[in-house]
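Residue-level structure breakdown
The chain contents come next:
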Amino acid sequence: MLMKEDRIFRLGDLQIKPKHLKTGAERVQDFQRKLYRKAKQESDFRFYVLYDKVRLPHFIKEAYKRCKANKGKPGIDGISFRDIDAYGVDKFVAEIIKELENKTYKPQGVLRVEIPKANGKTRPLGIPTVRDRVIQMTVKLVIEPIFEADFEDNSYGYRPRRSSADAVKEIKGNLKQGKHDIFDADLSAFFDTIPHKELMHLLAIRISDKNILHLIKMWLKAPIIKDGKPTGGKKNKVGIPQGGVISPLLANIYLNLLDKAVNRVGGIFQRNGVEIVRYADDFVLMAKKIPQECYDYLNHLLDRMKLKLNQEKSKKKIATMKPLDFLGHTFRYSDDYYGRPFKYWNVEPSKKSQKKVRSKIREYMKKNGHKSPDKVVKDLNAITRGWINYFTIDGVTYPAVAKRNLRYYLTAKLTRFYQRKSQRKCKLHNQGAFEVLVKRYGLIDPTKYALS
């Protein structure tokens, strides 16, 4: 029987639980809301008691759960989430708490791997150990609400309750308002060039807890391990690992300087009607006309931030004359499909994005010729569903042509796939594999798929 203090009360639609009945996730969210409100109300307040929250079991367990959901690979120590589950999560959490309380925690090196890109080049990715990821996530849970209160509305990457879809909507809205003069910017090696001194200064504006700042500084100084050899370390003064749990937040904190400069009331960008839409380190400037003085000031600002534009990839364009590619979408000023005498802003998957999903399907089929039809369908649906969901934004995007192209590709690819298996008397040979898999096994037909 519940005592009076154990009851759950309701205030309108709001459910109120006593603290001891709340889950760890709910307690974390309650604390985050309090931090956010305080930071929003007092823009110059510095938070000084945060480290004690990082040592709380429910924070660390929630961090572990979130890190595990990301399904990352092991770091340089080779320890995986499966290993930790077998060892015991409670023991793992207790060891972290002890290290943090005794201040004996030191991060291990970051494993550097190269991820292939569509253009044949590679993108460096840093993989911290699971232990380091969990502690980074714990710190992120504690400090993110503070900086969320300071971030500008036109920043969308790696932020709670924001997505690339929101950025796409804003870009289309700006285009419909006549902001066709575009600067599509690309920062050169952004994550590798963020200066530590300037970043730590920005963190210290809001956080005075030296223990939290020390943790972040240790992660910035952690050596990079590539082919078994360490580089960087304590002498390193620039760069954050692209792949670290806390790295996207640190990147947003640093680039918030750029957002605020563009949005500053009475500033050079605001006077000329220039708006910025940013997703992580990708951003576009948009206006009816961007004067040269704005470009000059942008270069001056980035120089002060010790960042550089990639001159080859950064492009000026008039969107009514040349399509804009951003976040995998193409924004094109197109003729009306039915031949009516007006144009509209068509937003569809870019050619590069369509090529990328076809490449995933092709690679899957190369490596999985032995699997049963139901398993093939399950795996292909995972690829197709994620791709369609990303590019389908109600009232904003028009991916119908790309869906038809994907359907044609799947039809042709599955036909050849089962023809190769015909020597083993595959039942789907010469039966119209795509149609059979759709009807009998539930394969997604891209042209008929409903958003989920």
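Here's a quick rundown of the structure. (Residues numbered from 1 in each chain as written. Predicted model: local features only at pLDDT ≥ 70, side-chain atom pairs only at ≥ 80, totals over all residues. Heavy atoms only, no water.)

**Comments concerning the packing of aromatic side chains**
- For the structure on display, the rule yields 14 aromatic pairs.
- Considering the side-chain rings of F45 and Y48, the 6.3 Å spacing of their centres and the 50° angle between planes classify their relative orientation as tilted.
- Relative accessible area serves as the criterion here: at 56%, Y48 is assigned to the exposed category.
- When the centroid spacing of 5.2 Å and the interplanar angle of 80° are considered together, the rings of F183 and Y295 count as edge-to-face. Remark: Y295 occurs in helix α13 (residues 292–304) and F183 occurs in strand β5 (residues 181–186); sequence separation between them is 112 residues.
- Taking relative accessible area as the criterion, F183 reaches 6% and is therefore assigned buried.
- Owing to a relative accessible area of 8%, Y295 belongs among the buried residues under this scheme.
- Ring pairs connect the aromatic residues F45, F47 and Y48, which therefore count as one cluster. (Phe/Tyr/Trp six-rings, centres within 6.5 Å; stacked < 30°, edge-to-face > 60°. Buried < 20%, exposed > 50% of the residue type's maximum accessible area, 1.4 Å probe, protein only. Helix = DSSP H or I, 4+ residues; strand = E, 2+ residues; numbered from the N terminus.)

**Notes on the pairing of β5**
- Of all six residues that make up β5, six are buried, and the element is covered over most of its length.
- Sheet topology note: the β5/strand β9 (residues 282–287) ladder contains six bridges and is antiparallel. The residue of β9 that forms the bridge with D186 is D282.
- Pairing analysis gives four bridges linking β5 to strand β10 (residues 315–318), with the strands arranged antiparallel. Looking across to β10, one finds that D184 is bridged to K315. (Pairing = 2+ DSSP bridges.)

**A few points about the pattern of salt bridges**
- Taken as a whole, this structure holds 26 salt bridges when the rule is applied.
- Among the ionic pairs, D30 bridges to K22, the shortest N-O distance being 2.4 Å.
- For D30, a relative accessible area of 18% translates into the label buried.
- On the basis of relative accessibility, which here comes to 26%, the residue K22 falls in the partly exposed class.
- Between E148 and R159 there is a salt bridge; the shortest N-O distance is 2.9 Å. Taken as a pair, E148 in helix α6 (residues 130–148) and R159 in the loop between α6 and α7 (164–176) lie far apart in primary sequence, eleven residues in all.
- Look at E148 and you get buried, because its relative accessible area is 12%.
- Taking the relative accessible area as the measure of exposure, R159 reaches 8% and is therefore buried.
- Through salt bridges that share partners, K22, D30 and R33 make up one connected network. (Salt bridge = Lys/Arg side-chain N within 4 Å of Asp/Glu carboxyl O.)

**Focus on a positive patch on the surface**
- Taken together, K117, K121, R123, K313, K352, K356 and K360 make up a surface patch of like positive charges.
- Among the elements that take part in the positive patch, helix α14 (residues 351–367) stands out by supplying three residues, more than any other.
- Position of K117 relative to the elements: it lies in the loop between β3 (110–116) and β4 (122–127).
- Since its relative accessible area comes to 36%, K117 is described here as partly exposed. (Patch = residues over 30% accessible without salt bridge, like charges linked within 9 Å, V, L, I, M, F, W, Y side chains within 5 Å. Areas by Shrake-Rupley, 256 points an atom, 1.4 Å probe, with all protein chains shown as cover. Lys, Arg positive; Asp, Glu negative; His and termini not counted. Charge placed at Lys NZ, Arg CZ, Asp CG, Glu CD.)

**Brief notes about empty space enclosed by the protein**
- Applying the stated criterion to the full structure yields two cavities of 30 Å³ or more.
- Approximately 100 Å³ is the volume found for the largest cavity.
- If you go around the largest cavity, you meet 15 residues; those closest to its centre are Q136, W219, P241, I246 and S247.
- For the lining of the largest cavity, the leading source of residues is helix α10 (residues 210–221), giving three residues.
- The space that makes up the second largest cavity amounts to roughly 40 Å³.
- Lining the second largest cavity are Q354, V357, R358, W387, A402, N405 and L406.
- Listing elements by their share of the lining of the second largest cavity, those giving two or more residues are α14 and α16 (400–420).
- Considered class by class, the residues forming the lining of the second largest cavity number four nonpolar, two polar and one charged. (1 Å grid on protein atoms, 1.4 Å probe; cavity = no way out; pocket = protein on both sides within 12 Å on 5 of 7 lines; lining within 4 Å. Points joined across faces, edges and corners; volume = space filled by probe spheres on them. Nonpolar A, V, L, I, M, F, W, Y, C, P; charged D, E, K, R; others polar.)

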